[in-house]
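# Descriptive analysis of the structure
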Amino acid sequence: MKDITLKIDNKEFKFPVVIGTENEKGIDISKLRAETGYITLDPGYANTGSCESSITYTNGEKGILRYRGIPIEELAQHSDFIEVANLLIWGTLPTKVMRKRFTDLLTNNALLHEGLKHHFEGFPFDAHPMAMLSAMVNALSCYHPVLALPHSSREIEKAAAILISKIRTITAFSYKMSRGEPFIYPKPEFSYVENLLYMMFSLPHEPYEVRPEVKRAVDLILILHADHEQNCSTSTVRMVASSGANLFASISAGIAALWGHLHGGASQAAIEMLEEIHSGKMDVKQYIKMAKDKKNSFRLMGFGHRVYKNYDPRARILKKLSRNVFKVLKYKDHLLDIALELEEIALNDPYFIERKLYPNVDFYSGLIYRAIGVPKNMFPVFFAIGRLPGWIAHWKEATDINRLQIARPRQIYTGPAKQSYVPMDKRSAAISKN
Ligand code: CMC
């Protein structure tokens, strides 16, 4: 490891360089303030490495995504969501024994405590499912206090199974509640994804069959969302965890961060944009013009990425998947044609070319959800189900006793300099207007 020399106020300071597996280089400035009196300023953290992590590798310039070293394309082709969850959390693909034990834990933890089920009644019927999900996951800590701060491998495995299994039940129940339909309970013989679809879409008085192509499509979507290193929600999970907060509370905070329209909420926003174009309010070209207008805060939803300056590998897989799902289901959606037109125009427009803006994971996922009947406000919920193993893996990594350190950034203060308190009768009209 060589050092980097920084010259500050005519004095030279040496800082160590940290080099990652794939030759990524970072300057370790943990002693910067102590030695120089300066801090770094990096709003949005675009140049800040918050940790060293061995979970996921991305290379935005080349469009690479790997979980624990395995390319996303290989996992998409050969694996399933539960196997990927094991890979992310434990660092290796599970053996048959590990897989069976985890599957049994998922089955045994699928139900919600009757007390927790009553929480649904406290929400208005049109409550956003992300609000419910975040609240319910936080509430899980009250029902599993011993596992809220898991220490041993067995405790972490059990807590992970509780979360991964129950998030699916909470999702299905919140959907049922929004429709005034009875809750459907999972079947132990069904796979993880089959049960998710069965609990959401079946009715007690009607036969219901999960189509294998639909099951595979959802499995694939969940795999593609399972981790993405230090994104906003994962960084939130790690930050909350750094204070010593429990696993459920940390994941609940991650869900809240994911909800925003610049993050997981973008899939819902992207479909709403396509719907608006379809309704005839504005055409594709007008939307592109609006996205380029610097006086307008509008952005093309499902486009651009902090890391990817190339085609998002997940979007590439989803684009292909959307075509396959539509074909199998004999489903026609004008929104797909609009999305393809939008992509074609944007990718040939100098504004998008210069800024290296490509479709991201949220551009095509919503079209697949629509085809299988998932309502728009549940898109970010499916994202959360997918991202959950990643959050758990990062919580586990961040709370490792050898690294645990509270996350507490600094700031450059720009408010008023020291001033005295002014009694009410001495305050001028100008001040009170502010
Ligand atoms: N439409 C129009 N212009 C854009 C877009 C967009 N979607 N994205 C970035 N730009 C422009 C931006 O205005 C800026 O232009 P200029 O250099 O002239 O000021 C330039 O590209 C660089 O953008 P940035 O804001 O510095 O990029 P960022 O890394 O801070 O933001 C982003 C990344 C994903 C928040 C942003 O691209 C965006 O708002 N996209 C739309 C929302 C979206 O699709 N979010 C999902 C992200 S992927 C999945 C996930 O993480 O949840």
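Above: the structure in question.
Residues numbered from 1 in each chain as written. Predicted model: local features only at pLDDT ≥ 70, side-chain atom pairs only at ≥ 80, totals over all residues. Heavy atoms only, no water.

## Points about helix α11 (residues 247-259)
Over its 13 residues, α11 runs 19 Å from end to end, which matches the ideal 18 Å to within 8%, given 1.5 Å per residue. Of all 13 residues in α11, ten are buried, a share of seventy percent or more. Among the residues of α11, those classed as buried are Leu247, Phe248, Ala249, Ser250, Ile251, Ser252, Gly254, Ile255, Ala257 and Leu258. Check the buried side of α11 and you find it contacts α6 (129-143), α7 (153-179), α10 (232-242) and α18 (379-398). (Helix = DSSP H or I, 4+ residues; strand = E, 2+ residues; numbered from the N terminus. Expected span 1.5 Å × (residues − 1). Buried < 20%, exposed > 50% of the residue type's maximum accessible area, 1.4 Å probe, protein only. Contact = heavy atoms within 4.5 Å.)

## Comments concerning the pairing of strand β4 (residues 56-59)
The two faces of β4 match: Thr56 and Thr58 on one face and Tyr57 and Asn59 on the other face are all buried. Here four bridges tie β4 to strand β5 (residues 64-67), and the two strands are oriented antiparallel to one another. Across the sheet, Thr58 pairs through a bridge with Leu65, a residue of β5. (Pairing = 2+ DSSP bridges.)

## What to know about unusual backbone geometry
The backbone of Asp9 shows a phi angle near 50°, a positive value even though the residue is not glycine. Tracing the backbone shows Asp9 in the loop between β1 (3-8) and β2 (11-19). We classify Asp9 as exposed; its relative accessible area is 59%. Backbone geometry at Lys330 places phi at a positive 50°, although glycine is not the residue there. Counting through the fold element by element, Lys330 comes out in the loop between α14 (313-328) and α15 (334-347). Under the relative-accessibility criterion, Lys330 is labelled exposed at 76%.

## Considerations on the environment of Leu105
Take Leu105: it is sitting in helix α4 (residues 96-108). Taking the C-alpha atoms as reference, Leu105 lies 43 Å from Asp42; in sequence the two are 63 residues apart. What Leu105 contacts, discounting residues up to four positions off in sequence, is Glu157, Lys158 and Ala161.

## Some remarks on the sheet that holds β2
Spatially, three strands are ordered β1-β2-β3 in an open sheet, and the strand pairing comes out antiparallel. The sheet is open, and its two edges are formed by β1 and β3 (25-27), each paired on a single side. Within this sheet the neighbouring strands show an average axis-to-axis angle of 35°, counted without direction. Pairing of β1 with β2, which is carried by six bridges, proceeds in the antiparallel orientation. Looking at β2, one finds that Lys7 is bridged to Glu12. (Axes fitted to C-alpha atoms, helices over the stretch in contact; angles between N-to-C directions.)

## Notes on the site of the ligand
The environment of the ligand is formed by 21 residues, the closest being His263, Arg299, Leu300, Gly302 and Arg306. One of the side-chain N or O atoms of Arg299 is found 2.8 Å from an oxygen atom in the ligand. Looking at the shell around the ligand residue by residue, the classes come out as ten nonpolar, six polar and five charged. (Near = heavy atom within 4 Å. Polar contact = N/O pair within 3.5 Å; in protein donor to acceptor, adjacent residues only side chain to side chain. Nonpolar A, V, L, I, M, F, W, Y, C, P; charged D, E, K, R; others polar.)

## Considerations on the nonpolar core
Formed by 120 residues in total, the largest nonpolar core has its most connected members in Ile164, Tyr192 and Leu300. It is α7 that contributes the most residues to this core, twelve residues altogether. When sequence neighbours within four positions are dropped, the list of residues in contact with Leu300 reads Met273, Ile288, Ala291, Leu342, Ala346 and Phe352. (Core = buried A, V, L, I, M, F, W, Y, C linked by side-chain atoms within 4.5 Å.)

## Focus on the sheet that holds strand β6 (residues 70-71)
Taking strand neighbours across the sheet as the criterion, the three strands line up as β4-β5-β6 in an open arrangement whose pairing is antiparallel. Here the strands that pair on one side only, and so sit at the sheet edges, are β4 and β6.

## Examining the side chain of Glu397
Residue position: Glu397 is located in helix α18. For Glu397, the side chain forms a polar contact with the side chain of Arg238, separated by 2.8 Å. Not counting chain neighbours up to four residues away, the residues in contact with Glu397 comprise Glu52, Ser53, Ser54, Ile55, Arg238 and Arg403.

## Overview of the pattern of salt bridges
Side-chain pairs of opposite charge can arise where the charged atoms are in close proximity. Enumeration according to the criterion identifies 18 salt bridges in this entry. A salt bridge links Asp80 to Arg99, with the nearest nitrogen and oxygen atoms 3.0 Å apart. Placement of the pair is Asp80 in the loop between α2 (72-78) and α3 (81-90) and Arg99 in helix α4, with a sequence separation of 19 residues. Classification of Asp80 as partly exposed rests on a relative accessible area of 23%. (Salt bridge = Lys/Arg side-chain N within 4 Å of Asp/Glu carboxyl O.)

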